[in-house]
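Spelled out, the chains give:
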Amino acid sequence: MSEKKYVYLDYAATTPMDPRVIEEIYNHFKETYGNSSSLHSIGQKAGKLLEDSRNTIAKLLNADRQDIIFTSSGTESDNIAITGVALQNMERGNHIITSTIEHHAIENPCKQWDKRGLEVTFLPVNKYGLINLDDLENAINDKTILISIMFANNEIGTIEPIKEIGAIAKEHNIIFHTDAVQAFGKVPIDVEEMNIDLLSASAHKIYGPKGIGLLYMKNKGIKKGIGRYIRPIMWGGGHEKDMRPSTVAVPLIAGFAKAAELAKEEMSLEAQRQTKLRDKIINWILENIDDASLNGHPTQRLPNNINVSFKYIEGESIVLDLDMEGIGVSTGSACSSKSLEPSHVLLAIGLKPEEAHGSMRATVGRFTTEDDIDFFLQKLLKIIERLRKISPLKRKV
Ligand code: PLP
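Everything numeric in this text was worked out from a predicted model, so none of it was measured.

Topic: the nonpolar core
So, point 1. Leu 61, Ile 147, Phe 151, Phe 184, Ile 189, Leu 199 and Leu 214 are the most contacted members of the largest nonpolar core, which has 66 residues in total.
So, point 2. No other element matches the eleven residues that helix H7 (residues 250-288) contributes to this core.
So, point 3. Of the domains in this structure, domain 1 (7-15 + 267-390) and domain 2 (19-260) are the two that each give at least three residues to this core.
So, point 4. Once you skip the residues sitting within four places of it in the chain, Ile 189 turns out to touch Leu 60, Leu 61, Asn 62, Phe 151, Ala 180, Ala 183, Phe 184, Met 194, Ile 196 and Leu 199.
So, point 5. By size, the runner-up hydrophobic cluster in this structure holds 27 residues, among which are Ile 282, Val 319, Met 360 and Ala 362.

The following block contains the structure:
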């Protein structure tokens, strides 16, 4: 019996590994098993693969290979950025600026530190999810040590004005971190041109393995006029420039490098192809389903992100019904946790809690086809109609 087709439209949550990445990792698990710190030839072979991988990945950021350290995830990189900068700069200042729509991997470390020695300003965003550059300038004071603003939002796909934020940070000699977990490999990033000091990314969002991330640290974490600006948050052996101890997962990193190489080669064509699919979905929904509205910026958004609110129904019901039809999307209201709290991102862009609850995120990717989209839209229409028929909220109006 053939397996039922499943249309996966949740590439922002994670991506399936590209078969070319799986092959690369499989070969290295067999052949490059050494500890990259060992002096013997087996260790040296792993060490060379590690440095070659660093080089390949650095090219995707226009970065120096020496400025990349590998971590276990985007979450770990974000935590090192926030806590590592806070710990290292206590004498200089205690103020961090971030936004109200950051991923929990930034929001929660900031909240941990807020009032425990640090002051955190959470900048508001407009209805599209964009921060205001004047608000940013006005929030800066002589105690500000770090600005951390995400490159692109994981729920609504909005891309922040990173180059302009980098210029402001540079002018005030403040460290600038960006969580680029959703943007890395999908849109061009140039850490030099954008004045980025610290950047987080993760392999599993770009068809690489889960369990590997990176933190880019400009000039190995040293800045003119500031000196060393970041310190480790874990101590052990001296791996990864003393910033992230533990035996390095070289085969997974080689997989991350393969994924980054493919992302670089295919970025331009894939971005065009996915933007077409994205806009087809958005336009079709807005034209064919009443009381539906787009969340996030209409054009300044990731090529693969669709986030829509449907009045009178719950996002969870849409997700579960679509799953029964063999389609995987996610709800905008309960992102990573299974909590029933409305999404802080959707509330921050001005949605009412009931509107936030009625939202759905679909994210396309490398393996999504036109046929998948047609199948999805046809099922979605039926599901929305059926849910609205039984919705007590709809009957009230
Ligand atoms: N930051 C953003 C914007 C994300 O979307 C995610 C994952 O969804 C993370 C950080 C965390 O990355 P990881 O799953 O690698 O820990």
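Observations regarding the packing of helix H8 (residues 315-324) against helix H11 (residues 370-389)
So, point 1. Running from N to C, H8 and H11 cross one another at 130°; their axes reach a closest spacing of 10 Å. By the angle between their directions, the pair H8 and H11 is classed as oblique. For the pair H8 and H11, the sense of crossing is right-handed. Contacts between H8 and H11 involve Ser 317, Ile 318, Asp 321 and Leu 322 on the former and, on the latter, Phe 376, Lys 379, Leu 380, Ile 383, Ile 384, Arg 386 and Leu 387.
So, point 2. Looking at the contact of H8 with H11 residue by residue, the class counts come to seven nonpolar, one polar and three charged.

As for the pairing of strand S15 (residues 359-363)
Consecutive residues of a regular strand have side chains that alternate between opposite faces of the sheet.
So, point 1. Of all five residues in S15, five are buried, a share of seventy percent or more.
So, point 2. Side chains Ser 359, Arg 361 and Thr 363 project from S15 onto one buried face, and the interleaved Met 360 and Ala 362 project onto a second face that is buried too.
So, point 3. Bridge analysis of strand S12 (residues 305-310) against S15 gives five bridges, and the strand direction is antiparallel. When the sheet's bridge partners are listed, Asn 307 is paired in S15 with Arg 361.
So, point 4. As defined by bridge partners, strand S14 (residues 330-331) adjoins S15 across two bridges and the pair is classed as antiparallel. Paired with Thr 331 across the bridge in S15 is Met 360.

Let's talk about the layout of surface pockets
So, point 1. Roughly 220 Å³ of volume is contained in the second largest pocket.
So, point 2. Every residue lining the second largest pocket is counted, twelve residues in all, and those nearest its centre are Lys 311, Tyr 312, Glu 354, Glu 355 and Leu 393.
So, point 3. For the lining of the second largest pocket, the leading source of residues is helix H10 (residues 353-357), giving three residues.
So, point 4. Residue classes in the lining of the second largest pocket are distributed as four nonpolar, two polar and six charged.

Some points on the domain arrangement of the protein
So, point 1. If you check the domain split of the protein, you get domain 1 (7-15 + 267-390) and domain 2 (19-260).
So, point 2. Taking the mean C-alpha position of each, domain 1 and domain 2 sit 28 Å from one another.
So, point 3. Contact with domain 1, which involves 32 residues of that partner, is made by 36 residues of domain 2.
So, point 4. Summing both sides of the interface, domain 1 and domain 2 together bury roughly 2800 Å²; the carbon and sulfur share of this comes to 57%.
So, point 5. Together, Met 267, Leu 302 and His 344 form the three largest contributors to the area buried by domain 1 at its contact with domain 2, with a combined 23%.
So, point 6. The interface formed by domain 1 and domain 2 contains zero salt bridges.
So, point 7. Where domain 1 touches domain 2, the interface holds 17 residue pairs in polar contact (both at pLDDT 80 or more).
So, point 8. Among the secondary structure elements, those contributing two or more residues to the side of domain 1 that touches domain 2 are H7, S12 and helix H9 (344-348).
So, point 9. The element contributing the most residues to the side of domain 1 that touches domain 2 is H9, with four residues.
So, point 10. Class assignment for the residues of the side of domain 1 that touches domain 2 results in 14 nonpolar, 15 polar and three charged.

Description of helix H6 (residues 162-171)
So, point 1. Of all the residues in H6, the buried ones are Ile 162, Ile 165, Gly 166, Ile 168 and Ala 169. Mapping the buried residues of H6 onto a view down its axis gives an arc of 160°, with all of them on the same face. The exposed residues of H6 that point more than 90 degrees off its buried face are Lys 170 and Glu 171.
So, point 2. On the buried face of H6, the contacting elements are helix H5 (133-139), strand S5 (144-148) and strand S6 (175-179).

Here we look at the packing of helix H1 (residues 19-31) against H7
So, point 1. Their axes nearest at 8 Å, the elements H1 and H7 cross at an angle of 155°. Overall, the two elements H1 and H7 adopt an arrangement that is roughly antiparallel. Judged by the twist between their axes, the crossing of H1 over H7 is right-handed. Contact residues: H1 offers Arg 20, Val 21, Glu 24, Ile 25, His 28 and Phe 29, while H7 offers Pro 251, Leu 252, Ala 254, Gly 255, Lys 258, Ala 259, Leu 262 and Glu 266.
So, point 2. The residue inventory of the contact of H1 with H7, partitioned by class, reads eight nonpolar, two polar and four charged.

Reading guide: rules and limits
- Residues numbered from 1 in each chain as written.
- Predicted model: local features only at pLDDT ≥ 70, side-chain atom pairs only at ≥ 80, totals over all residues.
- Heavy atoms only, no water.
- Core = buried A, V, L, I, M, F, W, Y, C linked by side-chain atoms within 4.5 Å.
- Buried < 20%, exposed > 50% of the residue type's maximum accessible area, 1.4 Å probe, protein only.
- Helix = DSSP H or I, 4+ residues; strand = E, 2+ residues; numbered from the N terminus.
- Domains from an automatic or database assignment.
- Contact = heavy atoms within 4.5 Å.
- Axes fitted to C-alpha atoms, helices over the stretch in contact; angles between N-to-C directions.
- Parallel < 35°, antiparallel > 145°, perpendicular 65-115°, else oblique.
- Left-handed = near helix turned anticlockwise from the far one by under 90°.
- Nonpolar A, V, L, I, M, F, W, Y, C, P; charged D, E, K, R; others polar.
- Pairing = 2+ DSSP bridges.
- 1 Å grid on protein atoms, 1.4 Å probe; cavity = no way out; pocket = protein on both sides within 12 Å on 5 of 7 lines; lining within 4 Å.
- Points joined across faces, edges and corners; volume = space filled by probe spheres on them.
- Buried area = accessible area lost by both parts, 1.4 Å probe.
- Salt bridge = Lys/Arg side-chain N within 4 Å of Asp/Glu carboxyl O.
- Polar contact = N/O pair within 3.5 Å; in protein donor to acceptor, adjacent residues only side chain to side chain.
- Arc of directions from axis to C-beta.

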